[in-house]
Amino acid sequence: LPEASEDLVGNKVRPPKRHSRATALSVLPDEAGWDLVQEVRMFHDRNVNNWPPHLNVIHPFVRKDSFLLAADLVAETLAAHTNFTLKMKLFYFKHHADCSTVMLIPDDESLAHIKTLQGLLRPVFPECGPAPKFMDYMPHMTLGQFPNEAAAKTFVALVQNKFKGFAFPVKSLYLIAKSQDAATAVDQLRVTIGLTPSGANLTTAIEEYASLRRAGVEADKSTTRSVLMERISFDLAAHGKAGNVTAINALYQEMKSNSLEMDTKLLNALMMAAIQALRPDLAVRYFEEMAVTRRRVTAPRPSDDASSPGSREMPRVDPNIACYTTLVKALGRVGDLQKATAVVERMSSAGPPPTIRVINALLEAAVQQGNLTAAQTLFSSLRGVRGEGFAQFLTPSSAAGVAIALQPSVVSFNIMINAYARAKLVDRAFKLLLEMRRANCTPNVITYTTLVKACVSAGQMDRAKSLLSDMDDLGIAPDCATYNAILKGLAAKLRWMEAGEMLEKMEISGVCPDVLSYSYVISACVRARKVQQAEKVLKQMQTMGILPNQYVYSTMMAGYGQRGLVDRAQTLIKLMQERKMRPNEFTMSALIEAYLKRGLAPLALEVFEKLQGQGFRIDVVLATQAMRAHAMKGDVPAALTALAKVRAVAKEGKAMGVVGPVVYNELIRELLVARKPEAALTAFQEMLSARVVPNHKTFVSLSQADRALAGMARVEFCLNVVGMAREAGHTPMGPLYVETLTAAVDAGELDLGMLLMQDAGAGGFAIGKQDRKSVKEVELRVINVHKASRQGQWDYRAAESRYESLGGRIGSG
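Residues numbered from 1 in each chain as written. Predicted model: local features only at pLDDT ≥ 70, side-chain atom pairs only at ≥ 80, totals over all residues. Heavy atoms only, no water.

A. Representation of the packing of aromatic side chains. Under the counting rule described, the total for this entry stands at 9 aromatic pairs. With 4.8 Å between their ring centres and 35° between their planes, Phe 146 and Phe 155 make a pair best called tilted. Of the two residues examined, Phe 146 and Phe 155, each falls in the buried class. Taking the centre distance of 5.9 Å and the plane angle of 75° together, the rings of Phe 166 and Phe 168 count as edge-to-face. Phe 168 shares its class with Phe 166; the two are buried. Among the aromatic side chains, those forming a connected cluster through ring pairs are Phe 163, Phe 166 and Phe 168. The lysine or arginine in question, Arg 463, covers the ring of Phe 430, its NZ or CZ lying 4.0 Å from the ring centre. (Phe/Tyr/Trp six-rings, centres within 6.5 Å; stacked < 30°, edge-to-face > 60°. Buried < 20%, exposed > 50% of the residue type's maximum accessible area, 1.4 Å probe, protein only. Lys NZ or Arg CZ within 6 Å of the ring centre and 35° of its normal.)

B. Representation of helix H21 (residues 531–543) in the model. Taking 1.5 Å per residue, 13 residues should reach 18 Å; H21 reaches 18 Å between its end C-alpha atoms and fits that length. Restricting attention to buried positions, one finds in H21 the residues Val 531, Gln 533, Ala 534, Val 537, Leu 538, Met 541 and Gln 542. Looking at the buried side of H21, the elements it contacts are helix H19 (496–508), helix H20 (515–527), helix H22 (550–563) and helix H23 (566–578). One or two positions beyond H21, positive phi appears at Gly 545, with a value near 80°. (Helix = DSSP H or I, 4+ residues; strand = E, 2+ residues; numbered from the N terminus. Expected span 1.5 Å × (residues − 1). Contact = heavy atoms within 4.5 Å.)

C. Representation of the sheet that holds strand E7 (residues 141–146) in the model. An order of E7-E6-E5-E8 is seen for the 4 strands of this open sheet, with the pairing classed as antiparallel. Bordering the open sheet on either side are E7 and strand E8 (167–170), each of which pairs with just one other strand. Going from strand to strand, the sheet's axes swing by 30° on average, the running direction of each strand aside. In the packing of helix H1 (residues 31–44) onto the sheet, the strands contacted are strand E6 (99–106) and E7, and the crossing angle to E7 comes to about 30°. Contacts from helix H3 (residues 108–121) reach strand E5 (84–96) and E6, with the element oriented near 95° to E5. (Pairing = 2+ DSSP bridges. Axes fitted to C-alpha atoms, helices over the stretch in contact; angles between N-to-C directions.)

D. Fine view of the pairing of E6. Most of E6 sits inside the fold, with 8 of its 8 residues counted as buried. Along E6, one buried face is formed by Cys 99, Thr 101, Met 103 and Ile 105 and the opposite face, lined by Ser 100, Val 102, Leu 104 and Pro 106, is buried too. Two elements, E5 and E6, share 8 bridges in a ladder whose sense is antiparallel. Looking at E6, one finds that His 96 is bridged to Cys 99. Count of turn residues in the E5/E6 antiparallel hairpin: 2 residues.

Without other data, these values stay purely geometric and don't point to any function.
Dropping the structure here:
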């Protein structure tokens with residue numbers, strides 16, 4: 001059994017139950033092999049309805065919500081691997097006297113291929129797979145269970161000829177998981193092995209279909225066309241999820257060049273794929289090119305590829321409600337609310353009549369554009385009793401001549417609640433919840449999740465958490481998105497302990513946290529400087545079979561960078577590389593920060609140079625770190641050159657050439673720590689010349705002159721800073737006053753100290769609340785020097801009395 005672990009507050013808790021035994025990375029047989037195995041399993045395997053016929057490569061595997069990330073890792077790991085043929089033979093295994101299993105196992109050559117796959121993939125998924133004592137188990141494909149060894153032997157003899165020479169090509173691996181929807185359903189995600197060009201087979205199928213049609217074969221209404229259309233729709237959906245715009249457009253052009261008939265289902269699938277790939281403009285273009293409107297037929301664009309000589313033009317489609325709904329959604333994503341509204345108005349007058357789904361798409365478009373007024377106007381047209389208050393969007397009269405008005409749905413209310421949430425009008429969002437109930441619309445989990453987000457965005461965390469109790473009273477089960485909204489707010493408030501408790505509450509209520517849930521808790525811990533607690537959450541996340549993504553790793557690296565934990569940062573970078581996850585600029589910046597915190601400037605510069613050589617984008621943060629590293633080494637020319645680089649990078653980015661005081665503050669501090677006071681003055685002059693206003697931290701950095709100077713040299717440095725600041729029109733702040741006064745007293749310049757206090761009393765220094773304590777202490781020290789007793793003893797009581805008689809602080813006048 002796994003050892004007990006600790007929660008975020010150090011209490012011993014039972015380790016969380018693994019949920020990854022319901023998933024596997026497997027090999028599935030081809031169609032012929034599938035039918036043969038299933039014919040036997042139907043009568044002999046008790047798990048025939050729970051799992052497909054499969055051979056496990058890794059089991060247990062990652063959680064289902066990590067499948068997309070895991071699939072990318074598998075594909076990248078096996079990119080150079082070749083396909084092979086899996087040859088299998090019959091075998092039985094005796095568990096005990098009352099149970100034996102008959103299975104198919106690989107022959108020696110095929111087993112070597114499976115072991116090679118496992119050797120490549122196990123380092124990428126180290127938390128997956130069987131326990132060490134089961135690592136040598138034989139990969140197999142179960143055929144059935146039998147009551148004793150004799151029955152198993154007999155069965156093997158009976159089916160020996162049936163499975164003689166059983167083999168099939170292995171071109172893909174499958175990520176499989178038991179579905180939550182039904183005990184007999186299994187979700188699958190396929191990953192192709194090797195570098196097989198995507199879409200090549202489908203392109204060939206389209207061309208062959210077009211050839212058959214040109215030859216006069218009536219295939220339009222045949223099974224061939226139906227299968228082809230389903231395959232195209234499937235590939236479009238896959239390309240959309242992957243964001244592969246090139247593949248989507250290539251498939252569309254292939255259909256156009258072969259004049260493939262498009263129906264409403266395929267047009268809608270094409271538009272939805274473009275929207276999923278974050279190219280809603282393409283979805284609008286596809287509709288304009290392929291759809292026949294009720295008013296006119298849109299002419300082809302001049303830029304479209306001409307069809308080949310002798311081929312007919314690709315027929316247009318009479319769009320249905322689903323196509324129009326997707327069009328309005330796409331126009332909303334593009335930001336053309338006016339055109340989206342025009343489409344709905346044209347539907348109202350010319351048909352097909354808009355449904356509530358179309359209106360909801362338009363309502364969502366208004367919300368996405370931040371046009372709350374337009375959303376409210378549209379929503380108001382849907383409110384009231386049936387037949388009243390519906391001035392817009394009436395459906396055409398029925399056969400009986402009665403106009404039927406559209407009623408707002410739960411989705412309509414949810415969209416409007418989201419509109420108020422985005423505008424941080426929390427009370428109006430809750431008021432709409434009451435109106436929703438009066439309209440006989442039952443709130444659902446999306447409704448309450450949206451209200452939670454509204455409370456979080458307004459900073460009302462207690463109100464957000466109370467909604468969980470309301471949901472429980474109404475019998476509405478919160479889902480992962482609900483909890484994640486709360487976790488996001490807790491992370492923003494640095495309430496790391498409450499975030500950990502909320503994560504535990506999720507698991508107790510039966511809601512499985514996803515990678516986003518853990519990332520918020522880890523972020524809360526790191527930002528609160530609780531790196532050890534963040535490590536515990538990361539370990540728990542991996543125990544649950546959830547793969548950390550790049551954001552999680554970058555957040556952990558930021559925590560290590562803050563603390564200067566170089567060894568842990570290096571270990572995490574190595575782990576990312578083993579998992580085929582390329583560190584980004586944020587990750588490497590955290591590693592450099594860890595080196596700088598430990599004073600390892602040469603190593604920091606070495607990493608920075610590697611980043612430049614590998615083509616990483618150098619942003620202001622990385623350029624500033626390089627500047628700090630040069631200053632830490634005491635290389636003043638290189639540090640000033642790096643400062644110019646920071647300015648250049650800022651000019652290329654969003655800062656438009658404006659570098660704030662933070663960069664100069666870091667440079668000044670590092671130069672003084674490196675005992676380069678003259679260079680620090682030069683950096684301060686550069687700051688003033690660039691018209692960057694020094695802030696409180698600037699003078700804190702300049703007040704570290706005691707690290708580089710002593711005696712009158714320290715006093716002169718401080719006075720130079722005071723003069724430079726005043727000459728540039730800035731009032732020196734409290735930290736510099738304290739440093740200058742302390743330097744004067746330490747150097748025995750008591751008269752100068754008194755003059756400085758008189759100057760402060762006249763308003764020569766800007767002293768804030770955060771400086772008053774240190775100012776009082778140094779001024780009391782000056783008074784003590786002047787009021788020393790004859791025995792050389794300090795008389796703090798007399799100094800305190802004198803201090804109070806002069807108004808509480810001499811420097812304030």
